[in-house]
Amino acid sequence: ILNVEQSPQSLHVQEGDSTNFTCSFPSSNFYALHWYRWETAKSPEALFVMTLNGDEKKKGRISATLNTKEGYSYLYIKGSQPEDSATYLCAPYKAAGNKLTFGGGTRVLVKP
Amino acid sequence: DAGVIQSPRHEVTEMGQEVTLRCKPISGHDYLFWYRQTMMRGLELLIYFNNNVPIDDSGMPEDRFSAKMPNASFSTLKIQPSEPRDSAVYFCASSSLTGDRAEAFFGQGTRLTVV
């Protein structure tokens, strides 16, 4: 079983503020880490796929970093907007056995 | 490509009936995943296929659940007999998991209600 933990489970952010949250995963046999954004009543959509230690990716106001040696990734939202309200999921997978297993997610609510 | 296509979008059935959910993955993707969205477990992986072969079905909750992938463009998830606790949204996703577009692409989901 691939133990994936995301924290916090939920957070409220004031519009305009920046925030970040964590995905923790076993570092052994690491192959890649996926981040997805999941809006209510919709399907999850990919944000990033990260593979290299020290990797940093950015899409608009959202960015992510990756530490494969210690087994964690941070996702940052700069200047949060109401449209950023969603659940953010991470899914690591190992070199052996490409089972894409998701963490429980961090639910972000941006208040106007 | 039209993306991952799931059908039906909504299904209401009576307890004890057989339910079949369908998925058409994106052409060229060799991985197909079936997930279930529940309040308790979030997005729960049920089974996944690689090149039409089931690789890991350890997430399938009971023998009442079965999945097949007869060819690269079609997969089914069947529940027989269905129970009220099976009510959930079921997602299908496909991916190559490698290369420039390694992310998984999700279908719109099938909302199943068992009464």
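Our subject in this report is the structure included herewith. (Residues numbered from 1 in each chain as written. Chains lettered and ligands numbered in written order. Predicted model: local features only at pLDDT ≥ 70, side-chain atom pairs only at ≥ 80, totals over all residues. Heavy atoms only, no water.)

Some thoughts on the sheet that holds strand β2 (residues 10–14) of chain A
One key point about sheets: their strands pair by backbone hydrogen bonds, in either a parallel or an antiparallel sense. All names here are of chain A. Selection rule: Should DSSP find at least two bridges between two strands, the strands are regarded as paired. The helix count covers DSSP runs of H or I at least four residues long, the strand count covers runs of E at least two residues long, and both are numbered beginning at the N terminus. Angles shown run from 0 to 180 degrees and are taken between the N-to-C directions of axes, each axis being a line fitted to C-alpha atoms and, for helices, limited to the stretch in contact.
Taking strand neighbours across the sheet as the criterion, the 5 strands line up as β2-β10-β9-β4-β5 in an open arrangement whose pairing is mixed. Where the open sheet ends on each side, the last strands, each with one partner, are β2 and β5 (45–50). Across the sheet, the mean angle separating the axes of adjacent strands is 20° when strand polarity is ignored. In terms of strand pairing, β2 meets strand β10 (residues 106–111) through 5 bridges, oriented parallel. Paired with Q14 across the two strands is K111, which belongs to β10.

Re the interface of chain A and chain B
Going by this rule: Note on contacts: a residue pair qualifies if any of its non-hydrogen atoms lie within 4.5 Å across the two residues. Put simply, buried area is how much 1.4 Å-probe accessible surface two parts lose in total, over both of them, once they are put together. In the sections that follow, a salt bridge refers to a side-chain nitrogen of Lys or Arg positioned within 4 Å of a carboxyl oxygen of Asp or Glu.
With 17 residues of chain A at the interface, the matching set in chain B holds 19 residues. Buried surface at the junction of chain A and chain B, both sides included, amounts to about 1500 Å², of which 63% is carbon and sulfur. Three residues stand out in chain A for area buried against chain B, namely W38, N98 and K99 of chain A, and they jointly supply 32% of the buried area on that side. In this structure, the connection of chain A to chain B is made through 1 salt bridge. Between K99 of chain A and D56 of chain B there is a salt bridge whose closest N-O contact spans 2.7 Å. If you list the elements that add at least two residues to the side of chain A that touches chain B, you get β4 (30–38), β5 and β9 (86–94) of chain A.

Remarks on the side chain of D84 of chain A
All names here are of chain A. Rule in force here: Buried means the residue's accessible area, taken with a 1.4 Å probe over protein chains only, is under 20% of the maximum for its type, while exposed means over 50%, and partly exposed covers the values in between.
Secondary-structure assignment places D84 in the loop between β8 (72–77) and β9. You can call D84 buried: its relative accessible area is 4%. With residues up to four places along the chain from it excluded, the contact list for D84 reads R37, R61, I77, G79, V108 and V110.

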